[in-house]
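Residue-level structural notes
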Amino acid sequence: MIYLETILRFLAGIFILGGVFFFVCATVGVIRMPDSYNRAHTSGKGDSPGLLLSLLGVWLYWLTINPLESIKILVILVFMLLANPIVVHAILRFCYKTRIPWTKDTTFHLLKDTGSSSDKEV
Amino acid sequence: MIEFLFILKLSITILSFTIFFCLYRAVLGPTTADRIIGINVVGSKSTIALVFLAAIFQKTSFLDIALLYAMLVYVTTLAFVKYLEHRELGN
């Protein structure tokens, strides 16, 4: 039984460190990206696996101490995983509707000058 | 064998530094959307830090506070975005 506890805590430590790694990556993106759209994209992509991994790690740790109360962590996990992409989607829709400018490097016709002949026919 | 509490304390320290750097974006962001993004990221990270604190101090009441705080952060961000987009909170 004590081996099971050791294995669970080892897995919990690995999960928590992975989640913190994703949070650090999201922070670097929020600081360094040149555009509001890129910043919102990076925060949404980095936060979801970060909170998933770190809350799973803390849940595995609470299983060895108080299994009944650890259901609360699963409730927090499900709520945040549902709410975080919705909020980032709302922020991006706000950015687009209030016409916040994007960077000069943003292009919407990625195949425009690759020499395809379909442009002349239309 | 590294203690598990040491991993939790190290994670809380790193999360505090990332919260500080996101506050930079929330204070000095050029547009309104940048500030909203910074506040949203700070809120989700401090929720995770509260759950870590519950595991350190062995108090289950911190988990209730973390759940309430998560709901408060996301609802606040949604209300901000909807108000700034439509200039009203109806419908």
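Our subject is the structure that appears above.
Keep in mind that what you see is a predicted model, and the values were worked out from it rather than measured.

Notes on the overall build of chain A
A count of helices and strands for chain A gives four helices and zero strands. Split into buried and exposed, the 122 residues of chain A put 31% on the buried side. Look at the contacts in chain A between residues 6 or more apart in sequence, and 68% of them connect residues 24 or more apart.

Some remarks on the overall build of chain B
Counting its regular elements, chain B contains three helices and zero strands. Oriented by its inertia axes, the alpha-carbon framework of chain B measures out at about 55 × 30 × 15 Å. Burial statistics for chain B: of 91 residues in total, 34% are counted as buried.

What to know about helix α2 (residues 32-57) of chain B
Over its 26 residues, α2(B) runs 37 Å from end to end, which matches the ideal 38 Å to within 8%, given 1.5 Å per residue. Note on α2(B): the residue one or two positions beyond its end, Q58(B), has a positive phi of about 60 degrees.

Examining unusual backbone geometry
Glycine aside, a negative phi is what most residues show, and trans is what most peptide bonds show. With phi around 55 degrees, R99(A) is a residue other than glycine that occupies positive phi space. Tracing the backbone shows R99(A) in the loop between α3 (71-97) and α4 (118-121). For R99(A), a count of 7 C-beta atoms within 10 Å corresponds to the exposed category. Phi is positive for Q58(B), close to 60 degrees, though the residue is something other than glycine. With respect to the element layout, Q58(B) can be found in the loop between α2 and α3 (61-86). Looking at Q58(B), the number of C-beta atoms within 10 Å reads 10, which means it is exposed.

Digging into the nonpolar core
Looking at soluble globular proteins, one finds that nonpolar side chains tend to be buried together. V58(A), I73(A), I91(A), V51(B) and A55(B) are the most contacted members of the largest nonpolar core, which totals 45 residues. Taken together, the elements giving at least two residues each to this core come down to α1 (2-32), α2 (36-63) and α3 of chain A together with α1 (4-28), α2 and α3 of chain B. In terms of residue count, the dominant contributor to this core is α2(B) (ten residues). Contacts of I73(A), omitting those with residues within four sequence positions, involve L55(A), V58(A), W59(A), W62(A), V51(B) and L63(B).

Comments concerning the interface of chain A and chain B
With 41 residues of chain A in contact, the opposing surface of chain B contributes 37 residues. Broken down by element, the residue count for the side of chain A that touches chain B peaks at 14 residues, all from α3(A). Within the side of chain A that touches chain B, the residues separate by chemical class into 27 nonpolar, eight polar and six charged.

The rules behind each value
Residues numbered from 1 in each chain as written. Chains lettered and ligands numbered in written order. Predicted model: local features only at pLDDT ≥ 70, side-chain atom pairs only at ≥ 80, totals over all residues. Helix = DSSP H or I, 4+ residues; strand = E, 2+ residues; numbered from the N terminus. Buried ≥ 20, exposed ≤ 12 C-beta atoms within 10 Å, placed from the backbone. Contact = placed C-beta atoms within 7 Å. Expected span 1.5 Å × (residues − 1). Core = buried A, V, L, I, M, F, W, Y, C linked by C-beta atoms within 7 Å. Nonpolar A, V, L, I, M, F, W, Y, C, P; charged D, E, K, R; others polar.

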